[in-house]
Amino acid sequence: MIKVLILDADTGQALEVTYKLRKCLGRLVKIIVAGQDNIPLGKNLAFFSKYADYKLLYPDPLHHTDAFIKWIYSTCEKIGIDYIIPIVEKTMYPLSKIKKQIKNVFGAIIPIPEPNQLELTMFKDELIILANKLGIPVPKTYILSSLDELSRVAKEVKFPAVIKLRYELGVPPPRYAIVYSKDDLLRKYVLLHKKQPYPIIQEYVQGFGIGSFFLFNKFSELILVYGHRRILEIPVSGGPSVIAETYIDIDALKYGFKLLKHLKWKGVAMVEFRYSTHKGMPVLMEVNPRFWGSLPLATDSNVNFPYELILYYEKRKRYRESSNTIRKVIMIKLLGTLFTLFTIRNLEEVKRYIKAIKYVLDNIPMVHIAELHDIKAELIYAVANVLHKIIS
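Residues numbered from 1 in each chain as written. Predicted model: local features only at pLDDT ≥ 70, side-chain atom pairs only at ≥ 80, totals over all residues. Heavy atoms only, no water.

**Q** I would appreciate a short explanation of the overall build of the protein chain in the present structure.
**A** Across its full length, the protein chain holds 14 helices and 15 strands. Relative to the compact-globule value of 21 Å for 392 residues, the protein chain shows a C-alpha radius of gyration of 21 Å, a close match. Overall size of the protein chain, expressed as C-alpha extent along the three principal axes, is 60 × 50 × 45 Å. For the protein chain, with 392 residues in total, the buried portion stands at 54%. Contacts in the protein chain between residues at least 24 apart in sequence constitute 67% of all its contacts with a sequence separation of at least 6. Within the structure as shown, the protein chain displays about 17900 Å² of accessible surface, and the carbon and sulfur contribution to it stands at 58%. If you average the places of the 56 positive and of the 38 negative side-chain charges in the protein chain, the two averages end up 2 Å apart. (Helix = DSSP H or I, 4+ residues; strand = E, 2+ residues; numbered from the N terminus. Rg over C-alpha atoms; globule rule 2.2 N^0.38 Å. Buried < 20%, exposed > 50% of the residue type's maximum accessible area, 1.4 Å probe, protein only. Contact = heavy atoms within 4.5 Å. Areas by Shrake-Rupley, 256 points an atom, 1.4 Å probe, with all protein chains shown as cover. Lys, Arg positive; Asp, Glu negative; His and termini not counted. Charge placed at Lys NZ, Arg CZ, Asp CG, Glu CD.)

**Q** Got a minute to help me understand the pattern of salt bridges in this structure?
**A** Any two side chains of opposite charge can pair, on the condition that their charged atoms come close. The full count for this structure, using the stated rule, is 24 salt bridges. Across the pair Glu-286 and Lys-124 runs a salt bridge whose closest N-O atoms are separated by 3.7 Å. Of this pair, Glu-286 sits in strand 13 (residues 281-288) while Lys-124 sits in helix 6 (residues 124-134), placing them 162 residues apart in sequence. Within the structure, one salt-bridge network assembled from shared partners comprises Arg-230, Glu-233, Glu-272 and Arg-274. (Salt bridge = Lys/Arg side-chain N within 4 Å of Asp/Glu carboxyl O.)

**Q** Hey, could you run me through the nonpolar core in this one?
**A** Grouped burial of nonpolar side chains is what soluble globular proteins tend to show. In this structure, Leu-21, Ile-85, Phe-291 and Phe-305 are the most contacted members of the largest nonpolar core, which totals 44 residues. Of all the elements, helix 1 (residues 12-25) adds the most residues to this core, at 5 residues. In this view, Phe-305 contacts Phe-213, Phe-214, Leu-215, Leu-224, Val-225, Tyr-226, Val-268, Phe-291, Trp-292, Leu-295 and Ala-298; residues no more than four positions away in its chain are not counted. The next biggest cluster of nonpolar side chains, apart from the first, holds 24 residues, and it includes Ile-32, Trp-71, Cys-76 and Ile-84. (Core = buried A, V, L, I, M, F, W, Y, C linked by side-chain atoms within 4.5 Å.)

**Q** Can you walk me through a positive patch on the surface in this structure?
**A** A surface patch of positive charge is lined by Lys-23, Lys-50, Lys-55 and Lys-376. Inspection of the secondary structure puts Lys-23 in helix 1. (Patch = residues over 30% accessible without salt bridge, like charges linked within 9 Å, V, L, I, M, F, W, Y side chains within 5 Å.)

**Q** Looking at this structure, I do not really get unusual backbone geometry. What am I missing?
**A** Generally, phi is negative for residues other than glycine and the peptide bonds are trans, each holding for most cases. Cis geometry marks the peptide bond from Phe-159 to Pro-160, where omega comes out at 0°. Within the secondary structure layout, Pro-160 lies in the loop between helix 7 (150-156) and strand 6 (161-164). Note that the residue after Ile-234, namely Pro-235, is joined by a cis bond; omega there is 0°. Secondary-structure assignment places Pro-235 in the loop between strand 10 (222-233) and strand 11 (241-246). The phi dihedral of Ser-220 falls on the positive side, at around 60°, and the residue is not glycine. Within the element layout of this structure, Ser-220 appears in the loop between strand 9 (207-216) and strand 10. Unusually for a residue other than glycine, Asn-302 sits at a positive phi of about 75°.

**Q** Got a minute to help me understand a nonpolar patch on the surface in this structure?
**A** On the surface, a nonpolar cluster with roughly 510 Å² of combined accessible area is contributed by Leu-335, Leu-338, Phe-339, Leu-341 and Phe-342. Here Leu-335 shows up in helix 12 (residues 334-340).

**Q** I tried to follow the pairing of strand 12 (residues 267-276) on my own but got confused; where do I start?
**A** One face of the sheet, then the other: side chains in a regular strand alternate in exactly this way. Most of strand 12 sits out of view: 9 of its 10 residues are buried. Sheet analysis places strand 9 next to strand 12, joined by 10 bridges and oriented antiparallel. Its bridge partner lying in strand 12, Gly-209 is registered against Arg-274. Connecting the antiparallel pair strand 12 and strand 13 is a turn made up of 4 residues, with Gly-280 showing a positive phi of about 70°. (Pairing = 2+ DSSP bridges.)

**Q** Got a minute to help me understand the sheet that holds strand 7 (residues 176-179) in this structure?
**A** Strand pairing in a sheet relies on backbone hydrogen bonds, with the paired strands running either antiparallel or parallel. Strand order across the open sheet formed by 4 strands is 5-8-6-7, with antiparallel pairing between neighbours. In this open sheet, the two strands that pair with only one neighbour each are strand 5 (141-142) and strand 7. Both strand 6 and strand 7 contribute to a ladder of 4 bridges, which runs antiparallel. Looking at strand 7, one finds that Ala-161 is bridged to Val-179. Across the face of the sheet, helix 8 (residues 182-195) comes into contact with strand 6, strand 7 and strand 8 (200-203) while running at roughly 175° to strand 7. (Axes fitted to C-alpha atoms, helices over the stretch in contact; angles between N-to-C directions.)

**Q** Where do I start with the packing of aromatic side chains in this structure?
**A** One pass over the full model with this rule turns up 13 aromatic pairs. The interplanar angle of 55° and the centroid separation of 5.4 Å between the aromatic rings of Tyr-58 and Trp-71 together place this pair among those described as tilted. Taken as a pair, Tyr-58 in strand 3 (residues 54-58) and Trp-71 in helix 2 (residues 65-79) lie far apart in primary sequence, 13 residues in all. You can call Tyr-58 buried: its relative accessible area is 1%. (Phe/Tyr/Trp six-rings, centres within 6.5 Å; stacked < 30°, edge-to-face > 60°.)

**Q** So what exactly am I meant to see when it comes to the pairing of strand 2 (residues 29-36) here?
**A** Burial within strand 2 is extensive, with 7 of its 8 residues counted as buried. Here strand 1 (residues 2-6) runs beside strand 2; their pairing, made up of 5 bridges, is parallel. Paired with Leu-5 across the strands is Ile-32, a residue of strand 2. Running through helix 1, the crossover from strand 1 to the neighbouring parallel element strand 2 is right-handed. (Right-handed = clockwise from strand over helix to strand, strands pointing away.)

**Q** Can you help me understand the side chain of Gln-202 in this one?
**A** Mapped onto the secondary structure, Gln-202 falls in strand 8. Side chain to side chain, Gln-202 and Thr-141 meet in a polar contact 3.2 Å long. Within the structure, Gln-202 has its side chain in polar contact with the side chain of Lys-164 (distance 2.8 Å). Look past the residues within four positions of Gln-202 in its chain and what remains in contact with it is Ile-128, Pro-139, Lys-140, Thr-141, Ala-161, Val-162 and Lys-164. (Polar contact = N/O pair within 3.5 Å; in protein donor to acceptor, adjacent residues only side chain to side chain.)

Remember that the coordinates give geometry; whether it matters functionally is a separate question.
Okay, here's the thing in structure tokens:
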């Protein structure tokens, strides 16, 4: 029996990984889901999954890193864990520094990149510089080293533009701002600068969001690829997708592979682009070094990243069997789509929202509802959070 420890129970990705491993491996896998002990229990979505065998709590990995690492060692020793799957950067980063020790001492595999690889993807300014060197299209970007440069840059920038923090881990929102004028830029830049020094300024890429998804084994050999197009995001102006569809852009796959291969990547990653309707090409936005929010879309399309991560991470590529044919699927997160209504700010965003809903209704046979993968967990989670808001 394989024992898998899935961290970050408060994420939808943890719920999806739990669901897919159970569906593919049945009772051959024992699934332990774990969440942060200072997060309200009602926020730990994967705790409500009927597919989880055990639920555990661990110390805050950001503010109590040593205690978190001690907990990992203790849990591996007591339970005999075979795989540890961290879902987001706050657990990934500390584990990337000890994954070799964990493997040597307990035999547990942590299928994630090395610390230096993670750092390059988490620092937006360094990622942009690297992508430029590799010939990957990036937005026009201004990287400041002094506030004295801000007035000059504000005169050069074309609006709208986006201000982004260089590094997001552990920083509360807002982490970015869309600005529409020079005065708007100057005011919001100073506010974000107080939160974290010298955020970057980028052109706003008119177009639509696309993503390229990859799985590499521990030898940095490519195992799986997939792609999607964002149809509706929350907020409408740009953010995580609540409606997305299977969409393979060859250039986006080529650029994403080139970047990750250069980094000698291990594990999963999403390379995020916006397809510029003006330039007619994908433009790099960022790299998510982990499972992504639209993971249900890939798994419903017969591209099973969680299962193949467990199956092939330790094996050479030549041992991988042929995968199923990719299916065209449209994924909708019903609750997310509903909440997106409350982010609409103008008539243009109303039109985009209506267009997205119409697209879904016109293609009903291809539509998959993400919440149906584990409807019990989703319903309990929704009710728990409504009650929490009422009480508080």
